Amino acid sequence: MKKQLKKSIQLLTLCCLFSSTTALAGGTMGGNPGDLSKMKPLLEANWNGKSGIQHTSSYGVIVQWKADVCGTLNGHITDTTKCTKTINVVNSTNQ
């Protein structure tokens, strides 16, 4: 009985150790690399001038994101006269 209880405690300890570490690190053992909100300025700076799906190279990977008519990440503006900021449009041949 003591041997079985000791094994159960060891397994419980290991499970708690590993699950709490990943939970605290955002599940990726180093943060959340898929968090687009941290890359918002970089993505919006590479807006191609059209609303819809965009493809931008960021930190060595190609990120797919959605822009409104003002070039805002996940924005919902559909009328260009309501844009409050000016963004330089990047004309790229591979987009």
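Residues numbered from 1 in each chain as written. Predicted model: local features only at pLDDT ≥ 70, side-chain atom pairs only at ≥ 80, totals over all residues. Heavy atoms only, no water.

Caption draft 1: Representation of the overall build of the protein within the structure. The number of helices and strands found in the protein is 2 helices and 2 strands. Each helix and strand of the protein, placed in order from N terminus to C terminus, yields the pattern α-α-β-β. The buried share of the protein, taken over its 95 residues, is 19%. (Helix = DSSP H or I, 4+ residues; strand = E, 2+ residues; numbered from the N terminus. Buried < 20%, exposed > 50% of the residue type's maximum accessible area, 1.4 Å probe, protein only.)

Caption draft 2: Main features of the side chain of glutamine 54. Among the secondary structure elements, glutamine 54 is positioned in strand E1 (residues 52–58). Overall, glutamine 54 belongs to the buried group, its relative accessible area being 1%. For glutamine 54, the side chain forms a polar contact with the main-chain oxygen of glycine 52, separated by 3.3 Å. Leaving out residues up to four positions away in the same chain, glutamine 54 has contacts with Trp47, Asn48, Val63, Gln64, Trp65 and Ala67. (Polar contact = N/O pair within 3.5 Å; in protein donor to acceptor, adjacent residues only side chain to side chain. Contact = heavy atoms within 4.5 Å.)

Caption draft 3: Seen up close, the nonpolar core. Listed in full, the 7 residues of the largest apolar core are Met39, Leu43, Trp47, Val63, Trp65, Ala67 and Leu73. With 3 residues, the single largest contributor to this core is strand E2 (residues 61–67). (Core = buried A, V, L, I, M, F, W, Y, C linked by side-chain atoms within 4.5 Å.)

Caption draft 4: Region of the structure containing the pairing of E1. Of the pairings in the sheet, the one linking E1 to E2 comprises 7 bridges and is antiparallel in character. Within E2, the residue paired with serine 58 across the bridge is valine 61. Counting the residues that bridge the hairpin from E1 to E2 gives 2 residues, and of these tyrosine 59 lies at a positive phi of roughly 55°. (Pairing = 2+ DSSP bridges.)

Caption draft 5: Up close: the state of the cysteines. Considering all chains together, one arrives at 1 disulfide under this definition. Shown here is the disulfide that connects cysteine 70 with cysteine 83, its sulfur atoms set 1.8 Å apart. Disulfide cysteine 70-cysteine 83: the torsion about the S-S bond is -90°, which places it as left-handed. Here cysteine 83 lies in the segment after E2 and cysteine 70 lies in the segment after E2, a separation of 13 residues in the sequence. (Disulfide = S-S within 2.5 Å.)

Caption draft 6: Structural detail: the confidence of the model for the protein. Looking at the protein as a whole, the pLDDT averages 75, with 63% of positions reaching at least 70. By mean pLDDT, the top-scoring element of the protein is E2 (90), and the lowest-scoring one is helix H1 (residues 2–24) (66). (pLDDT = per-residue confidence, 0-100.)

Caption draft 7: The environment of threonine 80, seen in detail. Here threonine 80 is to be found in the segment after E2. Sequence spacing of threonine 80 and cysteine 70 is 10 residues, and the spatial spacing of their C-alpha atoms is 6.4 Å.

Caption draft 8: Representation of unusual backbone geometry within the structure. If you check the backbone angles, asparagine 74 has positive phi at about 55° while not being a glycine. When you line up the elements, asparagine 74 lands in the segment after E2.

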